[in-house]
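Below, each chain spelled out in residue letters.
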Amino acid sequence: MTASSAALAALSGLGFGLSLIVAIGAQNAFVLRQGVRGQHVLPVIAVCAVSDMVLIAAGVAGFGTIVESFPAVLTIARYAGAAFLIGYALLAARRALGSSALIAEAAGASVAVGASVLTCLALTWLNPHVYLDTLVLLGSFASTYASPDRWFLAAGAMLASVLWFVALGYGARRLGPLFARPIAWRVLDSLIAVIMLALAIGLLLA
């Protein structure tokens, strides 16, 4: 292993990690919403980043082959995730249709940090795609590297996760003036409801 090969592996991991994580999904939509509201942003970011680190490390360590050997794990996660996404979509739709809720949220009504963390955990760990992305895809990609370099690749992918969630969570605060109006919350929650429902349908039809 040389310094140049380690750096190249880390950069490859950074790019690969960003290509997997930078997409419109349930987890990113939730982080965006928490960031715009300015509520429990750090705990939510921490849950997302740490979860990704654990999954990336497992993928690089070779756990992807275990998951592929037990497809029932992905099947259970698929149906559980779809049920959770449908429930969250209904809640988002209810918020979008309820003017009183919109006014309250625009004024800064708070949700318990525990509820936010549990929601984030569910959106992360009940999503079967996260296992395919980290354990299977990233794990397979990492297997093409020699043993020392593959962990630099893992470090790059972990850094990509941290950078993305920090940027998404705290960058969303710049949208604060826009979301001072209840109509903006109505639009955001409507989009979230559509995204969650579409993802749920996608999981059920997969």
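It should be emphasised that the depicted structure is a prediction, and the values quoted were computed from it without experimental measurement.

*Asks:* Explanation requested: the nonpolar core in the structure shown.
*Replies:* Where a protein is soluble and globular, its nonpolar side chains tend to be buried together. The biggest cluster of nonpolar side chains holds 28 residues, and the ones touching the most others in it are L85, I192 and M196. Where this core is concerned, the elements lending two or more residues are helix 2 (26-37), helix 3 (41-61), helix 5 (71-97), helix 7 (113-125), helix 9 (147-171) and helix 10 (182-205). Dropping the residues within four chain positions of it, M196 is found in contact with A26, A29, L85, Y88, A89 and L123. A9, I56, V60 and M158 belong to the second largest nonpolar core, which has nine residues in total.

*Asks:* What am I meant to see in the environment of G176 here?
*Replies:* Assignment of secondary structure puts G176 in the loop between helix 9 and helix 10. Judged by relative accessible area, G176 falls into the partly exposed class, the value being 27%. Considered as a pair, G176 and G35 are 141 residues apart in the sequence and their alpha carbons are 9.1 Å apart.

*Asks:* What should I look at first to understand helix 1 (residues 3-21) in this one?
*Replies:* Turn by turn, an α-helix covers 3.6 residues, leaving residues three or four places apart pointing in a common direction. A rise of 1.5 Å per residue sets the reference length of helix 1, with its 19 residues, at 27 Å; its end C-alpha atoms lie 27 Å apart and thus fit the reference within 8%. Among all positions of helix 1, only A6, A9, G13, G17 and I21 are buried. Summarising the axial view, the buried residues of helix 1 lie within an arc of 85°, below the 170-degree limit, and thus occupy one face. Across from the buried face of helix 1, at angles greater than 90 degrees, the exposed residues are S4, L8, L11 and S19. Buried residues along helix 1 sit against helix 2, helix 3 and helix 9.

*Asks:* Would you mind showing me how to read the side chain of S116 here?
*Replies:* If you trace the backbone, S116 turns up in helix 7. Beyond its immediate sequence surroundings of up to four residues, S116 is in contact with F30, Q34, H40, V44 and V111.

*Asks:* Mind showing me how you'd approach the packing of aromatic side chains here?
*Replies:* Given two aromatic rings, one states the distance between the centres and the angle between the planes to describe the pair. As enumerated under the stated definition, the model contains two aromatic pairs in all. Relative to F141, the ring of F16 lies with its centre 4.6 Å away and its plane at 10°, an arrangement referred to as stacked. Here F16, found in helix 1, pairs with F141, found in helix 8 (residues 128-142); they are 125 residues apart in sequence, far enough to count as distant. The class of F141 is partly exposed, set by a relative accessible area of 26%.

*Asks:* Sorry, what's going on with helix 9 here?
*Replies:* An ideal rise of 1.5 Å per residue puts 36 Å on 25 residues; helix 9 measures up with 36 Å between its terminal C-alpha atoms. Inspection of helix 9 places D149, L153, A154, G156, A157, M158, A160, S161, F165, L168 and G169 among the buried residues, and these make up the whole buried set. Packed against the buried residues of helix 9 are helix 1, helix 2, helix 3 and helix 8.

*Asks:* Explanation requested: the pattern of salt bridges in the structure shown.
*Replies:* It is possible for side chains bearing opposite charge to pair when their charged atoms get close. Per the counting criterion, the structure on display carries one salt bridge. We note a salt bridge from R33 to D189, for which the minimum N-O separation is 2.7 Å. One end of the pair, R33, is in helix 2; the other, D189, is in helix 10, with 156 residues separating them in the sequence. Owing to a relative accessible area of 2%, R33 belongs among the buried residues under this scheme.

*Asks:* Please clarify how the environment of I195 should be interpreted in this entry.
*Replies:* With respect to the secondary-structure elements, I195 resides in helix 10. Under the relative-accessibility criterion, I195 is labelled partly exposed at 22%.

*Asks:* Can you help me understand the packing of helix 8 against helix 9 in this one?
*Replies:* Geometrically, a packed helix pair is captured by the angle between its two axes and the distance between the axes. It is the contact of helix 8 with helix 9, at a shortest axis distance of 9 Å, that shows an interaxial angle of 140°. Overall, the two elements helix 8 and helix 9 adopt an arrangement that is oblique. Residues L138, F141 and A142 of helix 8 lie in contact with helix 9, whose contacting residues are R150, L153 and A157. When grouped by side-chain class, the residues that make up the contact of helix 8 with helix 9 number five nonpolar, no polar and one charged.

Scoring rules and cut-offs
- Residues numbered from 1 in each chain as written.
- Predicted model: local features only at pLDDT ≥ 70, side-chain atom pairs only at ≥ 80, totals over all residues.
- Heavy atoms only, no water.
- Core = buried A, V, L, I, M, F, W, Y, C linked by side-chain atoms within 4.5 Å.
- Buried < 20%, exposed > 50% of the residue type's maximum accessible area, 1.4 Å probe, protein only.
- Helix = DSSP H or I, 4+ residues; strand = E, 2+ residues; numbered from the N terminus.
- Contact = heavy atoms within 4.5 Å.
- Expected span 1.5 Å × (residues − 1).
- Arc of directions from axis to C-beta.
- Phe/Tyr/Trp six-rings, centres within 6.5 Å; stacked < 30°, edge-to-face > 60°.
- Salt bridge = Lys/Arg side-chain N within 4 Å of Asp/Glu carboxyl O.
- Axes fitted to C-alpha atoms, helices over the stretch in contact; angles between N-to-C directions.
- Parallel < 35°, antiparallel > 145°, perpendicular 65-115°, else oblique.
- Nonpolar A, V, L, I, M, F, W, Y, C, P; charged D, E, K, R; others polar.

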